[in-house]
Amino acid sequence: MASVWTWSSLVLDSSVLSVNWGTDSIFNPCSAAILHCNIFETQPMLYQIFETQRSLMEPFADFAQAAAKMYSNNTSALGHNPMAQRVSAGYDLLYRLGKDYEKPVFGIQSVDVDGTSVAIHERIEIDKPFCELRRFKRFTDDANTLGKLKGQPAVLIVAPLSGHYATLLRDTVKTMLKDHKVYITDWKNARLVPLSDGEFHLDDYVNYVQEFIRHLQAHYGNCHVMSVCQPTVPVLAAVSLMASRGETTPLSMTMMGGPIDATKSPTSVNNLATNKSFSWFENNVIYRVPDNFPGAGRRVYPGFLQHTGFVAMNPDRHLKSHYDYFKDLIKGDNSSVESHREFYDEYNAVLDMDADYYLETINTVFQEFKLVRGTWEIKNPQGKLELVRPQDIRTTALLTVEGELDDISGSGQTEAAHKLCSGIVRQEHHHLEAKGAGHYGIFSGRRWREVVYPHVKSFILEHNKGEGKGVVKAVAPKPKAVAKKATAVVAKAAPAAKKATAAKPAAKKSAAAKK
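Residues numbered from 1 in each chain as written. Predicted model: local features only at pLDDT ≥ 70, side-chain atom pairs only at ≥ 80, totals over all residues. Heavy atoms only, no water.

Considering the pairing of strand E3 (residues 131-139)
The line we're drawing: Exposure is judged per residue with a 1.4 Å probe applied to protein chains only, and the accessible area is read against the type maximum: over 50% gives exposed, under 20% gives buried, and values in between give partly exposed. We count a stretch as a helix when DSSP gives it H or I for four or more residues in a row; a strand needs E for two or more, and each element gets its number in order from the N terminus. Strands are labelled as partners when DSSP assigns at least two bridges between them.
A large share of E3 lies buried, amounting to seven of its nine residues. Across eight bridges, strand E2 (residues 116-127) lies against E3 in antiparallel orientation. Residue pairing for E3: Arg123 is matched across the bridge by Arg135. Hairpin connection of E2 to E3: three residues between the antiparallel strands. Where E3 lies against strand E5 (residues 181-187), six bridges are found, and the strand directions are antiparallel. For Phe136, the partnering residue across the bridge sits in E5 and is Val182.

Here's the deal with the nonpolar core
Considering soluble globular proteins, one finds that nonpolar side chains tend to be buried as a cluster. Let me state the cut-off plainly: Residues belong to a common nonpolar core when they are buried Ala, Val, Leu, Ile, Met, Phe, Trp, Tyr or Cys residues joined through side-chain atoms within 4.5 Å.
Ranked by size, the top nonpolar core spans 76 residues in total, and within it Tyr205, Leu236, Ile260, Tyr358 and Trp376 carry the most contacts. One finds Leu169, Leu177, Val182 and Phe443 within the second-largest nonpolar core, a separate group that totals 39 residues.

Observations concerning the pairing of strand E13 (residues 397-403)
Taking burial as the measure, the seven residues of E13 include seven buried ones, the bulk of the element. Neither face of E13 is exposed, since Ala397, Leu399, Val401 and Gly403 on one face and Leu398, Thr400 and Glu402 on the opposite face are all buried. Both strand E7 (residues 252-256) and E13 contribute to a ladder of five bridges, which runs parallel. When the bridges of E13 are listed, Met256 appears paired with Val401. Alignment of E13 against strand E14 (residues 429-434), held across six bridges, turns out to be parallel. Within the sheet, the bridge partner assigned to Leu398 lies in E14 and is His429.

Quick notes on helix H13 (residues 355-367)
Counted only if it meets this: Nitrogen and oxygen atoms within 3.5 Å of one another constitute a polar contact, given that in protein one can donate a hydrogen and the other can accept it, and given that sequence-neighbouring residues count only through two side-chain atoms.
Across the 13 residues of H13, twelve count as buried, placing the element largely inside the fold. Those residues of H13 that sit buried are Ala355, Asp356, Tyr357, Tyr358, Leu359, Thr361, Ile362, Asn363, Thr364, Val365, Phe366 and Gln367. At the N-terminal boundary of H13, the capping side chain belongs to Asp354, with an oxygen 3.0 Å from the backbone nitrogen of Asp356.

Comments concerning the sheet that holds strand E9 (residues 299-301)
Strand order in the open sheet formed by three strands is E8-E9-E10, and the pairing between neighbours is antiparallel. Of all the strands in the sheet, the pair left with one neighbour each is strand E8 (287-288) and strand E10 (353-354). The sheet contact formed by E9 and E10 spans two bridges and is antiparallel. In the sheet register, Val300 faces E10, and the bridge partner there is Asp354.

Describing the packing of aromatic side chains
Stated precisely, the cut-off is as follows: Side-chain rings of Phe, Tyr and Trp (the six-membered ring for Trp) are treated as a pair once their centres are within 6.5 Å; stacked means planes under 30 degrees apart, edge-to-face means over 60, and tilted covers the remaining angles. Throughout this description, the term charge over a ring refers to an Arg CZ or Lys NZ atom that lies within 6 Å of the ring centre and within 35 degrees of the ring normal.
Per the stated rule, a full pass over the model turns up 22 aromatic pairs. Taking 6.2 Å as the distance between ring centres and 25 degrees as the angle between the ring planes, the aromatic pair formed by Tyr71 and Tyr91 counts as stacked. Of the two residues, Tyr71 sits in helix H2 (residues 46-72) while Tyr91 sits in helix H3 (residues 84-98), which places them 20 residues apart along the sequence. Considering the side-chain rings of Tyr205 and Tyr357, the 5.7 Å spacing of their centres and the 10 degrees angle between planes classify their relative orientation as stacked. Of this pair, Tyr205 sits in helix H6 (residues 202-220) while Tyr357 sits in helix H13; the two residues are 152 residues apart in sequence, bridging distant segments of the chain. On the basis of relative accessibility, which here comes to 0%, the residue Tyr205 falls in the buried class. Through a chain of ring-to-ring contacts, the aromatic side chains of Phe130, Trp187, Phe200, Tyr205, Tyr208, Phe212 and Tyr357 assemble into a single cluster. Here the basic side chain of Lys99 rests over the ring of Tyr101, its NZ or CZ set 4.5 Å away from the ring centre. The ring of Phe139 carries the charged tip of Lys137 above its face, separated from the ring centre by 5.5 Å.

Describing unusual backbone geometry
We note that Asp114 has phi near 50 degrees; this positive angle belongs to a residue other than glycine. Along the chain, Asp114 turns up in the loop between strand E1 (110-113) and E2. Relative accessible area serves as the criterion here: at 48%, Asp114 is assigned to the partly exposed category. Positive phi is not limited to glycine here, since Phe369 has a value of about 50 degrees. Mapped onto the secondary structure, Phe369 falls in the loop between H13 and helix H14 (370-373). Judged by relative accessible area, which is 12%, Phe369 ranks as buried.

A word on the pattern of salt bridges
Let me state the cut-off plainly: By salt bridge we mean one thing: a side-chain nitrogen of Lys or Arg within 4 Å of a carboxyl oxygen of Asp or Glu.
Summed over all chains, the structure comprises 30 salt bridges. In this structure, the salt-bridge partner of Arg449 is Asp171, at a minimum N-O distance of 2.7 Å. One end of the pair, Arg449, is in helix H16 (residues 446-462); the other, Asp171, is in helix H5 (residues 170-176), and 278 residues separate them in sequence. By relative accessible area, Arg449 is classed as partly exposed at 41%. Three or more residues joined by partner-sharing salt bridges are found here, namely Lys103, Glu122, Glu132, Arg134 and Asp186.

Focus on the environment of Ala166
Note the following rule: Should any heavy atoms of two residues lie within 4.5 Å, those residues are considered in contact.
Note that Ala166 resides in the loop between strand E4 (154-158) and H5. Classification of Ala166 as buried rests on a relative accessible area of 3%. Through-space distance from the C-alpha of Ala166 to that of Ile184 is 7.9 Å; in sequence the pair is 18 residues apart. Aside from chain neighbours lying at most four places away, what touches Ala166 is Phe106, Ala159, Ile184, Thr185 and Asp186.

Here's the deal with helix H12 (residues 334-347)
Counted only if it meets this: Here a helix's expected span is defined as the number of its residues, less one, multiplied by 1.5 Å.
Here H12 is 14 residues long and its end C-alpha atoms lie 20 Å apart, about the 20 Å a rise of 1.5 Å per residue gives. Taken as a whole, H12 has its buried residues at Val337, His340, Phe343, Tyr344, Glu346 and Tyr347.

Section: the environment of Ser162
Relative to the assigned elements, Ser162 resides in the loop between E4 and H5. Sequence separation of Ser162 and Leu351 is 189 residues, and the distance between their C-alpha atoms is 8.3 Å.

By themselves, these observations are geometric and do not establish any function.
Below is the structure:
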């Protein structure tokens with residue numbers, strides 16, 4: 001999931017809902033950014049030009065929406081026109097192509113827990129300048145179900161900041177809610193963040209994650225962390241720093257389809273980052289937010305560039321999808337029409353990323369490979385540099401998940417976390433390769449629900465010992481002094497991870513399944 005990267009655009013996390021188009025390539029934000037970079041060479045006013053065009057198109061889109069409704073309304077004189085259905089479908093398609101897509105909502109009202117409908121209340125637990133920590137609190141009147149919910153593990157899902165909103169993980173969240181207390185990072189659109197709120201760097205991302213982990217620990221004693229795609233790198237850094245300071249670390253880490261070591265099985269996304277210089281990215285894809293947004297003047301990697309790249313990757317498939325939508329409107333196939341709308345409401349909604357964060361991710365993850373080389377230093381909130389040492393993690397179990405057909409994060413890139421986390425005992429290393437799954441398939445859709453999730457659920461439950469026993473202080477101890485000169489990661493043979501090949505859902509009955 002990445003566009004100019006598997007991570008950022010290079011960090012783009014792609015694929016969205018589950019429109020059955022065969023492969024996940026259409027969701028590859030990486031390739032997206034690659035293409036948009038070739039399409040748009042630096043033009044200082046490009047963002048302003050785009051916004052002007054969008055403003056000019058808005059009244060036409062509104063007119064198309066109104067016309068579509070009039071021609072589809074049987075009580076209207078226009079609705080009795082022999083060509084009314086076709087005209088209505090045409091206007092509806094025009095409206096969909098010209099409208100502005102805003103941030104989607106999770107919209108999870110309830111989930112089924114062992115046959116009982118459990119209500120979901122979504123609320124913001126922590127509001128940071130660039131991110132909100134959202135909690136999906138569950139409610140039920142059934143005493144037995146309530147007892148089960150209280151004893152279930154607390155999980156922090158770290159969503160990607162790579163072009164799409166956290167709602168990309170809607171299916172992930174909904175599935176996890178059946179057996180877990182779920183929190184998620186909901187990253188904000190950088191163009192809506194005023195300059196007065198300061199800059200946002202990759203270091204800030206790591207510090208946010210640590211703060212959120214401590215928040216859950218303060219409530220539940222401890223927690224589990226799941227990172228999907230791009231966040232695998234900053235999450236590993238966050239837990240490493242906590243371990244180096246002697247803080248309590250999460251009970252488990254689940255890392256899915258991320259570029260821990262982008263040197264392994266490099267994809268087209270990785271190659272773009274290594275073939276282009278840092279200055280090239282800075283000069284060709286960074287623009288300032290126009291005056292009509294709260295974040296006016298902020299340097300960002302614009303979401304519309306990312307989206308252009310998304311579409312340019314597979315224009316023929318998008319063209320076919322829209323034509324099928326037009327035909328479905330004429331036929332009155334409401335189910336297919338609604339599926340199309342749901343997919344593109346998510347797919348077309350993109351956010352801007354702060355330029356510092358975007359550029360630092362490219363340099364750290366895809367050009368300098370600082371994590372695997374042991375040279376990554378992060379500035380903590382007190383302004384001190386701390387060296388990231390994954391080998392200091394000892395009490396956190398590790399599960400890595402890769403898709404057999406993932407063309408964003410190449411084979412072995414996520415599994416590389418096991419070698420870095422050499423301080424974790426051998427039996428706490430686990431790895432899963434999901435057969436037949438692409439990048440998107442490991443966290444959403446049928447393969448996620450039937451193949452990957454049973455393993456994740458079992459892994460978390462198995463390592464849930466200790467949660468709720470005593471409350472951990474959520475205040476970080478003072479960091480130890482770190483040598484200015486970073487040393488390379490010890491080349492000591494890391495314990496081999498236990499591998500599980502998922503050709504189909506695990507038939508093995510776990511303790512979790514009995515709950």
